[in-house]
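Single-letter residue listing:
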There are 2 protein chains.
Amino acid sequence: MAPAGLRLPKDAPRTFGIVLYTQFEVLDVFGPVEALNQISRNLADNETPMKCITFGPSTNPIRSGPSEGMGSSFSQSFVADTTFDDEEKLSEVDVLIVPGGLGPPDSERQAVIDFIQKFYHCHVEGQQNKYLFTVCTGSNLAAFRSSKDTQVPSALEGLAATTNKSAWNYFFVENKWHKATSWVANARWVPQGNVWTTSGVSAGTDGMIAWIAQVYGEDKAQFACNTMEYNRQANPDLDPFAAVYGAQDVPATEADIKWIIKT
Amino acid sequence: MAPAGLRLPKDAPRTFGIVLYTQFEVLDVFGPVEALNQISRNLADNETPMKCITFGPSTNPIRSGPSEGMGSSFSQSFVADTTFDDEEKLSEVDVLIVPGGLGPPDSERQAVIDFIQKFYHCHVEGQQNKYLFTVCTGSNLAAFRSSKDTQVPSALEGLAATTNKSAWNYFFVENKWHKATSWVANARWVPQGNVWTTSGVSAGTDGMIAWIAQVYGEDKAQFACNTMEYNRQANPDLDPFAAVYGAQDVPATEADIKWIIKT
């Protein structure tokens, strides 16, 4: 079958980075990536190709499990294209996708957080056509400050955001984490300029379809849905899983909040 | 967060094999696998664990692309746990998941087909609690006979089945392949005893949720949907993508058809 000959807007972001780490949640990555795969292989001949670069703590195989403390060895194995310290590759990235999951384990956690903040502060903040896109508890990783400069607010401070609903009360009621972000319970995804957060696992797919619609055009979003035979949820404010897990809005309470982007 | 303490029916299948090959479609694998991941890590302490084994042509990294002839290098890298010739590991498998995709390339194609047929004929045919589960064009791979014994019908001969809708007319109108199977256009998935086929890409997730409901129980299916925040499509006969791509039923026409399982 021949490519469909899709055209992207001039200067649209085309290079996607994906953060991998031990115990990442597989659908957090491969739902959004599937939509991008479909677009990437159906561009018109004279379009600049899309590119995908996976980043990990090393280029050794990374397992999506075992799920420590949960009695399961059910997992799969992945290899990152390069590592978190590859500044050159990172500088190519227009959109960094950050999955959630049971990981990263303590041994990788700070490196993942520092990598996300490095990308955000060096390549996204104040830029056009650059995006941080988190899925599930990837937003919780993006909400932590870098250990390299603890005085600099994290990518999510001052923003509205969402995350996994089954982990919601663990994060915000039991542990009261991430108080400098306004957490929205009834949200499938929350677009805040060039920082997009999506709810748990499957929500990343709907969020990426919405991102494609906004940045590449609605026709590309519909093309991806059709080729991946995906029944899209197009309303960002509809989230039945907030009620399932009793998740309620958590307003930002830190004194250093200056603004919440209205979308 | 503590595991949810799920219990599976006694003697329920617990070991899943996954077929990997160059240019497999990522969501075909990681949609169904995500649902299984969620169950696997939430079993009760005294439950027999679930297990996942990935099989590939080798244990070298396998790329989901590049998409040959489609101008894209957009892909990710995976490592199989073992190879297609690992009879011992294969004998452990209760359910083999076969993804579709642009691959396998010619160099891997026959090995993939032979592996699927070996599993079906040695471990599924005439057995209880053993399943072949295909996603997308994985059913087209399962519809070919093994090169090891070309006189033996393939896993799909004589059955009703479905596959990817955007590729439907390429397979059945342009090429008239797989004439010994009855291809159902308006199907999200087609359960035929211990052989399940699902439609394109995302349909594999709905099919696996349905399999979980039937084999493990509806409560496990709902648990998986909630934890992966998945808006399930529970009707196997509802498929808007058949109309999108003009897919129509293709009755089996070969003289050796003996039966179509009615479900």
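All values derive from a computational prediction rather than experimental measurement.

1. Quick notes on the overall build of chain A
Within chain A, the regular secondary structure consists of 8 helices and 11 strands. What you see for chain A is a C-alpha radius of gyration of 18 Å, in line with the 18 Å of a compact globule of 263 residues. If one aligns the C-alpha atoms of chain A with their principal axes, the spans along those axes are about 55 × 40 × 40 Å. Counting the 263 residues in chain A, one finds 62% classified as buried. Sequence separation of at least 24 residues holds for 76% of the intrachain contacts in chain A that already meet a minimum separation of 6. Surface summary for chain A: the accessible area is close to 9900 Å², and the carbon and sulfur share equals 49%. Charge centroids of chain A, computed over 20 positive and 30 negative side chains, lie 3 Å from each other.

2. A look at the pairing of strand E7 (residues 131–134) of chain A
All names here are of chain A. The two faces of E7 match: Tyr131 and Phe133 on one face and Leu132 and Thr134 on the other face are all buried. By the bridge criterion, 4 bridges tie strand E6 (residues 95–98) to E7 in an arrangement that is parallel. Bridge assignment links isoleucine 97 to a residue of E7, and that residue is phenylalanine 133. One ladder, built from 3 bridges, connects E7 with strand E11 (residues 195–198); its direction is parallel. In the sheet register, phenylalanine 133 faces E11, and the bridge partner there is tryptophan 196.

3. Overview of the interface of chain B and chain A
You'll often see interface size given as the accessible area lost when the parts meet. On the chain A side, the residues contacting the 63 residues of chain B number 63 residues. Carbon and sulfur atoms supply 55% of the area buried between chain B and chain A, which totals about 5000 Å² over both sides. Taken together, the connections running from chain B to chain A amount to 4 salt bridges. Among the ionic pairs, arginine 63 of chain B bridges to aspartate 81 of chain A, the shortest N-O distance being 3.0 Å. The tally of links from chain B across to chain A stands at 27 residue pairs in polar contact (both at pLDDT 80 or more). Where the side of chain B that touches chain A is concerned, the elements lending two or more residues are strand E1 (15–19), helix H1 (26–40), strand E2 (51–56), strand E4 (77–79), helix H7 (218–227) and helix H8 (240–244) of chain B. Ranked by residues supplied to the side of chain B that touches chain A, first place goes to H1 of chain B with 10 residues. For the side of chain B that touches chain A, the per-class residue count stands at 30 nonpolar, 23 polar and 10 charged. Across 3 bridges, strand E4 (residues 77–79) of chain A lies against E4 of chain B in antiparallel orientation.

4. Considerations on the relation of the copies chain B and chain A
Both copies of the chain are related by a screw-like operation: a rotation about an axis and a shift along it. It takes a turn of 180 degrees to lay chain B on chain A, together with a shift of 0.0 Å along the axis; the resulting RMSD is 0.0 Å. Look at the turn and shift together and you get a two-fold axis relating the two. Distance from the rotation axis, computed per C-alpha, reaches its smallest value in chain B at phenylalanine 78 of chain B: 2.1 Å.

5. A word on the pattern of salt bridges
All names here are of chain A. Counting across every chain of the model gives 24 salt bridges over all chains. Among the ionic pairs, lysine 118 bridges to glutamate 87, the shortest N-O distance being 3.2 Å. Placement of lysine 118 in helix H3 (residues 106–124) and of glutamate 87 in helix H2 (residues 87–92) is noted, with a sequence separation of 31 residues between them. According to the relative accessible area criterion, glutamate 87 is partly exposed, its value standing at 47%.

6. Remarks on the packing of helix H6 (residues 203–215) of chain A against helix H7 (residues 218–227) of chain A
Think of two packed helices as two axes; the pair is described by the angle between the axes and how far apart they sit. Relative orientation of the contacting elements H6 of chain A and H7 of chain A amounts to 145 degrees, with a least axis distance of 6 Å. Of H7 of chain A, the residues touching H6 of chain A (which contributes Ile209, Ile212 and Ala213 of chain A) are Glu218, Lys220, Ala221, Ala224 and Cys225 of chain A.

7. What about the packing of aromatic side chains?
Applying the stated criterion across every chain, the model contains 38 aromatic pairs over all chains. For the ring pair phenylalanine 55 of chain A and phenylalanine 115 of chain A, a centre distance of 5.1 Å and an interplane angle of 40 degrees mean the geometry is tilted. On the criterion of sequence distance, the pair formed by phenylalanine 55 of chain A in strand E2 (residues 51–56) and phenylalanine 115 of chain A in helix H3 is long-range, its members being 60 residues apart. Neither phenylalanine 55 of chain A nor phenylalanine 115 of chain A differs from the other in exposure class; each is buried. An angle of 85 degrees between the planes, with centres 6.0 Å apart, marks the rings of tyrosine 170 of chain B and tryptophan 177 of chain B as edge-to-face. Take tyrosine 170 of chain B: its relative accessible area is 29%, and that puts it in the partly exposed class. Through successive ring pairs, a cluster of aromatic residues spans Tyr21, Phe24, Phe30 and Phe78 of chain A together with Tyr21, Phe24, Phe30 and Phe78 of chain B.

8. Focus on the sheet that holds strand E1 (residues 15–19) of chain A
Strand-to-strand pairing in sheets goes through backbone hydrogen bonds, with the strands running parallel or antiparallel. Residues and elements named next belong to chain A. Spatially, E5-E2-E1-E6-E7-E11-E10 is the arrangement adopted by the 7 strands of the open sheet, whose pairing is mixed. Lying at the two open borders of the sheet, with one neighbouring strand each, are strand E5 (82–83) and strand E10 (189–192). Of the strands in this sheet, E1, E2, E6, E7 and E11 are in contact with H3, which crosses E7 at around 150 degrees. In this fold H6 packs onto E1, E6, E7, E10 and E11, with an angle of close to 150 degrees to the strand it touches most, E11.

9. Some words on the nonpolar core
By size, the foremost hydrophobic cluster in this structure holds 156 residues, and its most contacted members are Trp211 of chain A together with Trp211 of chain B. The residues contacting tryptophan 211 of chain A, other than those within four sequence positions of it, are Pro13, Phe16, Val95, Tyr131, Phe133, Trp196 and Tyr216 of chain A.

10. Considerations on the sheet that holds E4 of chain A
One open sheet holds the 4 strands; their spatial order is E3(A)-E4(A)-E4(B)-E3(B), and the pairing between them is antiparallel. Of all strands in the sheet, those bounded by a partner on one side alone are strand E3 (62–63) of chain A together with strand E3 (62–63) of chain B.

11. With respect to the side chain of glutamine 117 of chain B
Residues and elements named next belong to chain B. For glutamine 117, the location among the structural elements is in helix H3 (residues 106–124). A polar atom in the side chain of glutamine 117 sits 2.9 Å from the backbone nitrogen of alanine 155. Once residues lying within four places of it in the same chain are set aside, the contact partners of glutamine 117 are Leu141, Ala142, Ala143, Phe144, Arg145, Ser146, Ser154 and Ala155.

12. Overview of empty space enclosed by the protein
Counted under the stated rule, the structure contains 3 cavities of 30 Å³ or more. Quantified by volume, the largest cavity comes out at close to 70 Å³. For the largest cavity, the full set of lining residues is Leu27, Gly31, Ser202, Thr205 and Tyr230 of chain A together with Leu27, Ser202, Thr205 and Tyr230 of chain B. Taken together, the residues of the lining of the largest cavity sort by class into 4 nonpolar, 5 polar and no charged.

13. Thoughts on the packing of H1 of chain B against helix H6 (residues 203–215) of chain B
Running from N to C, H1 of chain B and H6 of chain B cross one another at 35 degrees; their axes reach a closest spacing of 7 Å. Note on element contacts: H6 of chain B touches H1 of chain B through Gly204, Thr205, Met208, Ile209 and Ile212 of chain B, opposite Gly31, Pro32, Ala35, Leu36 and Ile39 of chain B.

The rules we used
Residues numbered from 1 in each chain as written. Chains lettered and ligands numbered in written order. Predicted model: local features only at pLDDT ≥ 70, side-chain atom pairs only at ≥ 80, totals over all residues. Heavy atoms only, no water. Helix = DSSP H or I, 4+ residues; strand = E, 2+ residues; numbered from the N terminus. Rg over C-alpha atoms; globule rule 2.2 N^0.38 Å. Buried < 20%, exposed > 50% of the residue type's maximum accessible area, 1.4 Å probe, protein only. Contact = heavy atoms within 4.5 Å. Areas by Shrake-Rupley, 256 points an atom, 1.4 Å probe, with all protein chains shown as cover. Lys, Arg positive; Asp, Glu negative; His and termini not counted. Charge placed at Lys NZ, Arg CZ, Asp CG, Glu CD. Pairing = 2+ DSSP bridges. Buried area = accessible area lost by both parts, 1.4 Å probe. Salt bridge = Lys/Arg side-chain N within 4 Å of Asp/Glu carboxyl O. Polar contact = N/O pair within 3.5 Å; in protein donor to acceptor, adjacent residues only side chain to side chain. Nonpolar A, V, L, I, M, F, W, Y, C, P; charged D, E, K, R; others polar. Least-squares fit on C-alpha atoms with pLDDT ≥ 70 in both. Axes fitted to C-alpha atoms, helices over the stretch in contact; angles between N-to-C directions. Phe/Tyr/Trp six-rings, centres within 6.5 Å; stacked < 30°, edge-to-face > 60°. Core = buried A, V, L, I, M, F, W, Y, C linked by side-chain atoms within 4.5 Å. 1 Å grid on protein atoms, 1.4 Å probe; cavity = no way out; pocket = protein on both sides within 12 Å on 5 of 7 lines; lining within 4 Å. Points joined across faces, edges and corners; volume = space filled by probe spheres on them.

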